[in-house]
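Chain and residue survey
The primary structure of each chain is shown beneath.
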Protein chains: 2
Amino acid sequence: MQKIKIYFAGAISAGRELQPLYRAMVDFLQEHDAEVLSAHVARADVLTGESKLTDEQIFRRNLDFIARCDGMVAEVTTPSLGVGFEISEALQRRKPTICLCRKDVFLSRMLTGNRDQNLTILYYESPQEWQPALEDFLNKLRSAVSYRRS
Amino acid sequence: MQKIKIYFAGAISAGRELQPLYRAMVDFLQEHDAEVLSAHVARADVLTGESKLTDEQIFRRNLDFIARCDGMVAEVTTPSLGVGFEISEALQRRKPTICLCRKDVFLSRMLTGNRDQNLTILYYESPQEWQPALEDFLNKLRSAVSYRRS
């Protein structure tokens, strides 16, 4: 069976404080047999790694990844223009999207007030909360994808 | 002649440090005969003012404002999920959008790499730079709107 394709979104220009967490989330997705198209988001050296590409190449690649993914996982604790933009693009394309947000954060109403059936928001304090949510998200995506293919 | 309708986007949940600047920009737009649909973004008391509305009401009102505006002015210096989301929604609806960004900020590639013909990014250090850019933006919107109506 083909792997589930995930677009992982996290802050880059807006701040890299949560990079170790992005790393843990991407590792978790990969260990659970997902292909993370945007695995570069979790790399500590993302800014130097991306420096070979023009801004336009990065933009086009990311939109292409969003078009090709089966679902989006967005870590939204660090406010980010790019992540907000990407969530809108994913929902426009009807991609199931889960936003993971630390419980101590005041999240944008453009997410919390959005009743799009493809959007889920999970507030967490520890990996014991986001890990089962991601497993559940992957399982639902797998069911939906195998249903569409059958 | 009908006033030009502007959606002004600025950070709310992500931080209110630049509220006096949002105030100055919204005042400038209004003094130049624009109607700012989302003038609440510039209010110092936006969070208490919005507390009468549910998250869903705020989301729906903002999307309705975006659908109805002639153009969007987004101050993007403070990273914000909501502003990123709104810029994507505006561009999907082919609304001319100008992003104003302080020169010392590293802006998301989802904006700088975006070649959408309706998107303009202006980097500024002082009002002497953003004021003429906003005047020019309003004038171009007025020409486009009167052309569509004629």
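Along each chain, numbering runs from 1 in the same order as the chain's sequence is written. Lettering of chains starts at A and numbering of ligands starts at 1, both following the order in which they are written. Predicted model: local features are reported for residues with pLDDT of at least 70 only, side-chain atom pairs are reported and counted for 80 or more only, and whole-chain, interface and lining totals are derived from all residues. Side-chain figures throughout are based on the complete set of non-hydrogen atoms in the structure, without hydrogens or water.

1. Some details on the environment of Ile12 of chain B
All names here are of chain B.
- For Ile12, the location among the structural elements is in the loop between β1 (4-9) and α1 (19-31).
- For the pair Ile12 and Ile87, spaced 75 residues apart in the sequence, the C-alpha separation amounts to 15 Å.
- Each residue touching Ile12, except ones within four places of it in the same chain, is listed here: Val41, Val46 and Leu47. Put simply, DSSP marks the helices as runs of H or I at least four residues long and the strands as runs of E at least two long, and each gets a number from the N terminus on. By definition in these notes, contact holds between two residues if any of their heavy atoms fall within 4.5 Å.

2. Some words on the packing of helix α3 (residues 55-68) of chain B against helix α4 (residues 81-92) of chain B
All names here are of chain B.
- Packing of α3 against α4 brings their axes to within 10 Å, and their N-to-C directions diverge by 40 degrees. In this view, α3 runs oblique relative to α4, as classed from their interaxial angle. Relative to α4, α3 is oriented so that their crossing is right-handed. For the pair formed by α3 and α4, the contact residues are Phe59, Asn62, Leu63 and Ile66 on the first element and Phe85, Glu86, Glu89 and Ala90 on the second.
- Classification convention: Asp, Glu, Lys, Arg as charged; Ala, Val, Leu, Ile, Met, Phe, Trp, Tyr, Cys, Pro as nonpolar; all other residues, Gly among them, as polar. Of the residues contributing to the contact of α3 with α4, the split by class is 5 nonpolar, 1 polar and 2 charged. Here an angle of 0 to 180 degrees is reported between the N-to-C directions of two axes, which are lines fitted to C-alpha atoms, with helices fitted over the stretch in contact. Here the angle decides the label: under 35 degrees means roughly parallel, over 145 means roughly antiparallel, 65 to 115 means roughly perpendicular, and every other value means oblique. Left-handed is the label given to a crossing in which the near helix is rotated counterclockwise from the far helix by less than a right angle, and right-handed is the label when the rotation is clockwise.

3. Remarks on the pairing of strand β4 (residues 97-102) of chain A
Residues and elements named next belong to chain A.
- Of all 6 residues in β4, 5 are buried, a share of seventy percent or more.
- Only when DSSP finds a minimum of two bridges between them are two strands counted as paired. Judged from the 4 bridges that link them, strand β3 (residues 71-75) and β4 form a sheet pairing that is parallel. When the bridges of β4 are listed, Glu75 appears paired with Leu100.
- Handedness of the crossover joining β3 and β4 through helix α4 (residues 81-92) is recorded here as right-handed.
- In terms of strand pairing, β4 meets strand β5 (residues 119-124) through 6 bridges, oriented parallel. Bridge assignment links Thr97 to a residue of β5, and that residue is Leu119. Only protein chains enter the area calculation, which uses a 1.4 Å probe; residues under 20% of their type maximum are buried, those over 50% are exposed, and those in between are partly exposed. We call a crossover right-handed when, viewed with both strands directed away from the observer, the connection leading from the first strand over the helix to the second proceeds clockwise.

4. Regarding the side chain of Asp70 of chain B
- Secondary-structure assignment places Asp70 of chain B in the loop between α3 and β3 (71-75).
- The charged-residue count follows a simple rule in which Lys and Arg add positive charge and Asp and Glu add negative charge, with His and chain termini not counted at all. Here, a salt bridge means any Lys or Arg side-chain nitrogen found within 4 Å of an Asp or Glu carboxyl oxygen. With no salt bridge to any partner, buried Asp70 of chain B finds its closest opposite charge in Arg148 of chain B, at an N-O distance of 4.1 Å.

5. Details of the interface of chain B and chain A
- At the interface, 34 residues of chain B touch 34 residues of chain A.
- Two parts placed together each lose some accessible area under a 1.4 Å probe, and adding up what both lose gives the buried area. When chain B packs against chain A, close to 3200 Å² is buried across both sides, 66% of that on carbon and sulfur atoms.
- Considering only the side of chain B, the residues that lose the most area to chain A are Leu81, Arg109 and Met110 of chain B, jointly responsible for 26% of the buried surface there.
- The interface formed by chain B and chain A contains 4 salt bridges.
- For the purposes of these results, a polar contact is taken to be a pair of N or O atoms within 3.5 Å, where, inside protein, one atom must be able to donate a hydrogen and its partner to accept one; residues adjacent in sequence count only when each atom of the pair is a side-chain atom. Across the chain B-chain A interface, the total number found is 9 residue pairs in polar contact (both at pLDDT 80 or more).
- At the level of secondary structure, the elements contributing two or more residues to the side of chain B that touches chain A comprise α3, α4 and α5 (109-112) of chain B.
- A per-element tally of the side of chain B that touches chain A places α4 of chain B first, with 11 residues.
- Looking at the side of chain B that touches chain A residue by residue, the classes come out as 16 nonpolar, 11 polar and 7 charged.

6. Considerations on the sheet that holds β4 of chain A
Residues and elements named next belong to chain A.
- Overall, parallel pairing links the 5 strands, which are arranged β2-β1-β3-β4-β5 in an open sheet. Both outer strands of the open sheet, β2 (34-36) and β5, are each paired with one neighbouring strand and no more. Adjacent strand axes in the sheet meet at a mean angle of 25 degrees when their direction is disregarded.
- Running at roughly 160 degrees to β3, α4 makes contact with β1 (4-9), β3, β4 and β5 of the sheet.

Any functional reading would require information that these geometric values do not contain.
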